[in-house]
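Fold and geometry: a report
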Amino acid sequence: MLRITLQPHWRIGQDDRDGAAALDASTLLGLLAAVQGSGSIAQAGREVGLSYRHAWGLLQQAETLFGQALLVRGRGRGSALTELGVKLIWADARIGARLQPLLESLASELEGELGRVQRRQRAVPRLHASHGFAVAALREQLAARQVPVELRYRSSLEAVAALAQGDCELAGFHVPLGEFEAAAVQRYLPWLKHEQHLLVHLAVRSQGLFVAPGNPLGLHGLGDLARPGLRFVNRPEGSGTRVLTDLLLQREGIAPRAVAGYDNTELTHAAVAAYVASGMADVGIGVQTAAQRFGLHFIPLLKERYFFAMPADALDRAELRPVLGVLRSPAFRARVAALRGYEAANTGQVLALGEAFPD
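Residues numbered from 1 in each chain as written. Predicted model: local features only at pLDDT ≥ 70, side-chain atom pairs only at ≥ 80, totals over all residues. Heavy atoms only, no water.

1. Considering the pairing of strand β8 (residues 197–211)
Cut-off, in case you're wondering: Burial classification: accessible surface area is computed with a 1.4 Å probe over protein chains only, and a residue below 20% of its type maximum counts as buried, one above 50% as exposed, and the rest as partly exposed. Working definition: helices are DSSP H or I runs of at least four residues, strands are E runs of at least two. Numbering for both runs from the N terminus. The rule for pairing is simple: two strands pair if DSSP sees at least two bridges between them.
Burial analysis of β8 places 15 of its 15 residues in the buried class, the great majority of the element. With 14 bridges joining them, β8 and strand β11 (residues 297–311) adopt antiparallel strand pairing. Bridge pairing in β11 places Q207 opposite L302. As defined by bridge partners, β8 adjoins strand β12 (residues 342–343) across 2 bridges and the pair is classed as antiparallel. Counterpart to R205 in the pairing with β12 is Y342. Of the pairings in the sheet, the one linking β8 to strand β10 (residues 283–287) comprises 4 bridges and is antiparallel in character. Across the sheet, G208 pairs through a bridge with G286, a residue of β10.

Laid out in structure tokens, this is it:
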């Protein structure tokens, strides 16, 4: 089975330098991140496979290009990144978090196209889902077991609409537990039908506020979003987390226009976390795993269930059995349970709509 990986790639140059070679920033960014971790240029060079001389030369080339230092060097005190160096590291983190779903979707689409040419047939299940850490873990497990699937990251509403229109066989969406469940489910019912669809349970996960380490602004809950001067970063219209955010704001009596940054959106939980971690916003909403991976403080708000909707005859479809086999395996359940903020007790359970949402 083909496996294709696409990665963002930086090149940095000056418009006014005719003929000057642009700097390939990929190695530079890796070197800066290693210096940030070790405090040593020599150690950082070894970690990224560069000689001490080559590492120094790359840093000097970059500092000449930017016109200012990237490192503060002190005799006997190691090396630390300047503000510009830190900004470059966080910019790379934001770019990676923002583009990862798009690049994974494109890679999966390309794998499917090339695979069909090789096999001269179409028998690969199509999975449309909002981006999440358990979904990413599923893709890894499927690849490890040589189970082909075409994955496209879309909002929850787009995914269930695609299922209803026959554009995919599995559609990921998530619904909050508790007081908002009924209102959230209503958003999906135009496309999900009792007689046409089943659900397979992926995980329960915690959603909450992302804030800077130590919570320096002293935030306690969603009511703080109306605080003057607080900068919020949102999720796009149609995403399950945006639906949740709107329901929470409505409960608190906060108009969206009262939240600074309500219209400022990022595509994924990881991108929201990177945005907050880089200091471009004070608070965002997402799953606990993303907060943990970017070193942020997490304020829990509620838990939600993540499901894949599928055709009612999915258990009888030969092309879907390998995917469902991985979803229902102890190994995948353990992989989901290891994610911070995720619960996997019911992972792989197949339910009718009425069983999942009896009301």
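Past the structure itself, the notes keep going.
2. Description of the side chain of R305
Our working rule: Any pair of nitrogen or oxygen atoms within 3.5 Å is treated as a polar contact; in protein, a donor-acceptor pairing is required on top of that, and neighbouring residues in sequence qualify only through side-chain atoms on both sides. Should any heavy atoms of two residues lie within 4.5 Å, those residues are counted as being in contact.
Tracing the backbone shows R305 in strand β11. Using a relative accessible area of 13% as the deciding quantity, one classes R305 as buried. A polar side-chain atom of R305 sits 2.9 Å from the main-chain carbonyl oxygen of A356. Residues contacting R305, with those up to four places away along its chain left out, are F173, H174, V175, L177, E181, H201, A203, V204, A356 and F357.

3. Points about the environment of Q43
Inspection of the secondary structure puts Q43 in helix α2 (residues 41–48). For the pair Q43 and Q141, spaced 98 residues apart in sequence, the C-alpha separation works out to 34 Å.

4. Details of the packing of aromatic side chains
Put simply, the test is: Under the pairing criterion, centres of Phe, Tyr and Trp rings, with the six-membered ring standing for Trp, must be within 6.5 Å; the plane angle then separates stacked pairs below 30 degrees from edge-to-face pairs above 60, leaving the rest tilted.
Applying the stated criterion across every chain, the model contains 7 aromatic pairs. Taking 6.4 Å as the distance between ring centres and 45° as the angle between the ring planes, the aromatic pair formed by F210 and F298 counts as tilted. Of the two residues, F210 sits in strand β8 while F298 sits in strand β11, which places them 88 residues apart along the sequence. With respect to burial, F210 and F298 carry one shared label: buried. Put simply, the rings of F173, Y188, F307 and F357 pair up and form one aromatic cluster.

5. Some thoughts on helix α9 (residues 269–277)
Of all 9 residues making up α9, 8 are buried, and the element is well covered by its neighbours. Those residues of α9 lying buried are H269, A270, A271, V272, A273, A274, Y275 and V276. Where α9 terminates, the next one or two residues include G279, which has phi positive at roughly 85°.

6. A look at helix α8 (residues 240–252)
Selection criterion: Every helix has an expected span of 1.5 Å times one less than the residues it contains.
Taking 1.5 Å of rise per residue, the 13 residues of α8 would be expected to cover 18 Å, and the 19 Å separating its terminal C-alpha atoms lies within 8% of that figure. Residues of α8 that are buried include every one of G240, T241, R242, V243, L244, T245, L247, L248 and L249, and no others. The first or second residue beyond α8 is G253, which carries a positive phi of 70°.

7. Some details on the pattern of salt bridges
Selection rule: Salt bridges, as used here, are contacts in which a Lys or Arg side-chain nitrogen is within 4 Å of a carboxyl oxygen on Asp or Glu.
According to the stated counting rule, one finds 13 salt bridges in the structure shown. The salt bridge partner of E304 is R205, with a shortest N-O separation of 2.6 Å. Here the residue E304 occupies a position in strand β11, and R205 occupies one in strand β8, the gap between them amounting to 99 residues. On the basis of relative accessibility, which here comes to 2%, the residue R205 falls in the buried class. As a salt-bridge pair, E252 and R251 come within 3.4 Å of each other at their nearest N and O atoms.

8. Let's talk about the pairing of strand β5 (residues 126–129)
To be explicit about the condition: Seen with its strands pointing away from the viewer, a crossover is right-handed when the path leading from the first strand over the helix to the second is clockwise.
Side chains R126 and H128 of β5 all project onto a buried face; the interleaved residues L127 and A129 project onto the opposite face, where all are buried too. Across 4 bridges, β5 lies against strand β6 (residues 150–153) in parallel orientation. Paired with A129 across the strands is Y153, a residue of β6. Of the crossover connections in this fold, the one passing from β5 over helix α5 (residues 133–144) to the parallel β6 is right-handed. Looking at chain direction, β5 and strand β7 (residues 170–176) are connected through 2 bridges and run parallel. The residue of β7 that forms the bridge with H128 is A171.

9. Quick word on the environment of A80
Note that A80 resides in strand β4 (residues 78–81). For A80 and P216, which are 136 residues apart along the polypeptide, the C-alpha to C-alpha distance reads 24 Å. In this view, A80 contacts L70, L71 and V72; residues no more than four positions away in its chain are not counted.

10. Considerations on the side chain of S329
As for its position among the elements, S329 is in the loop between α11 (321–327) and α12 (330–337). A polar atom in the side chain of S329 sits 2.7 Å from the backbone oxygen of V326.

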